[in-house]
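Coordinates in review
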Amino acid sequence: MATIWKRKDRDCWVVDYRDGTGKRIRLTALTREDAEDLLAEKIQEAKAETTRELTLRDVTVKQYAERWSERVKGEIEEKTWRSYTQNLDRHVVPALGHVKVREITVSHVARFLAEKRKARYGVGEGKPYSQTALRLMKAALSTVLTDALELDGLLKRNPALAVT
């Protein structure tokens, strides 16, 4: 429950509430009206966050990777962006695209990399993927999952980082 109260030792008003994680937050304002506006703003932010979380709740790795690719284009080097999107499109999405981001586990990532380690590409028998190619596939997936963790709170930890 949120409250607004006037500090006795200072000439300001306090907005006292708990955020979505349960952490207690206290903000100050010069007038009661400002404090009420601030509280209303925080309530709106909480509602928007809940709506966003519900929208992202069932997002798949494929959908999130597409969102991620659009968001970071222009923020990272063009060559890096191209490499990541290529690895995501060719390798990660076909293998893990159907999995919901919030449900992806270390075993999903480990199984994906193990299958790629055994897989061959090219004509006929083909060649196995190099350690560098495997590292780049994992890096692309890990980068996407890091955003899911840090920006959208869809994960508690990045499962790709636990796989060696």
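I will try to describe carefully the structure that is included in this document. Numbering of residues starts from 1 in every chain and runs along the sequence as written. Selection of residues for local features in this predicted model requires a pLDDT of at least 70, selection of side-chain atom pairs for listing and counting requires 80 or more, and totals for whole chains, interfaces and linings are taken over all residues. Side-chain metrics rest on all non-hydrogen atoms present in the structure, leaving aside hydrogens and water.

Focus: the packing of aromatic side chains
The description of an aromatic ring pair rests on the distance of the ring centres and on the angle between the ring planes. Note on ring pairs: Phe, Tyr and Trp rings are taken, using the six-membered ring of Trp, and paired if centres are within 6.5 Å. Classes follow the plane angle, with under 30 degrees stacked, over 60 edge-to-face and the rest tilted. Considering all chains together, one arrives at two aromatic pairs under this definition. Between tryptophan 68 and tyrosine 84 the ring centres are 6.0 Å apart and the planes differ by 40 degrees, which places this aromatic pair in the tilted class. Of this pair, tryptophan 68 sits in helix α2 (residues 61–72) while tyrosine 84 sits in helix α3 (residues 78–96), and the two are 16 residues apart along the sequence. Residue burial is assigned from relative accessible area. The probe radius is 1.4 Å, only protein chains are included, and a residue is buried under 20% of its type maximum, exposed over 50%, and partly exposed in between. Assessed through its relative accessible area of 3%, tryptophan 68 is described here as buried. For tyrosine 84, a relative accessible area of 17% translates into the label buried. Plain terms: the ring middles of tyrosine 121 and tyrosine 129 are 4.9 Å apart, the flat faces sit at 25 degrees to each other, and that makes the pair stacked. Overall, the relative accessible area of 37% leaves tyrosine 121 in the partly exposed class. Residue class for tyrosine 129 comes out buried when judged on its relative accessible area of 17%. Only DSSP runs of H or I reaching four residues or more are called helices, and only runs of E reaching two or more are called strands; each is numbered from the N terminus.

Notes on the sheet that holds strand β1 (residues 3–6)
Across the sheet, which stays open at both edges, the three strands sit in the order β1-β2-β3 with antiparallel pairing between neighbours. One side of each edge strand has no neighbouring strand; the edge strands of this open sheet are β1 and β3 (24–29). In this sheet, adjacent strand axes meet at a mean angle of 25 degrees when their direction is disregarded. DSSP calls a pair of strands paired once it identifies at least 2 bridges connecting them. Lines fitted to C-alpha atoms define the axes here, with helix axes fitted over just the stretch in contact, and angles between the N-to-C directions of these axes take values from 0 to 180 degrees.

Focus on the packing of α3 against helix α5 (residues 131–150)
The N-to-C vectors of α3 and α5 enclose an angle of 85 degrees; their axes lie 9 Å apart at closest approach. As far as their axial angle goes, α5 and α3 are roughly perpendicular. When α3 is examined against α5, the residues Tyr84, Asn87, Leu88, His91, Val92 and Leu96 are found in contact with a partner set consisting of Leu136, Met137, Ala139, Ala140, Leu141, Thr143 and Val144. Under the scheme applied, nonpolar residues are Ala, Val, Leu, Ile, Met, Phe, Trp, Tyr, Cys and Pro; charged residues are Asp, Glu, Lys and Arg; polar residues are all the others, including Gly. In terms of residue class, the contact of α3 with α5 is built from ten nonpolar, three polar and no charged. Here is the rule for angles: anything less than 35 degrees is roughly parallel, anything more than 145 is roughly antiparallel, 65 through 115 is roughly perpendicular, and the remaining ranges are oblique. By definition in these notes, contact holds between two residues if any of their heavy atoms fall within 4.5 Å.

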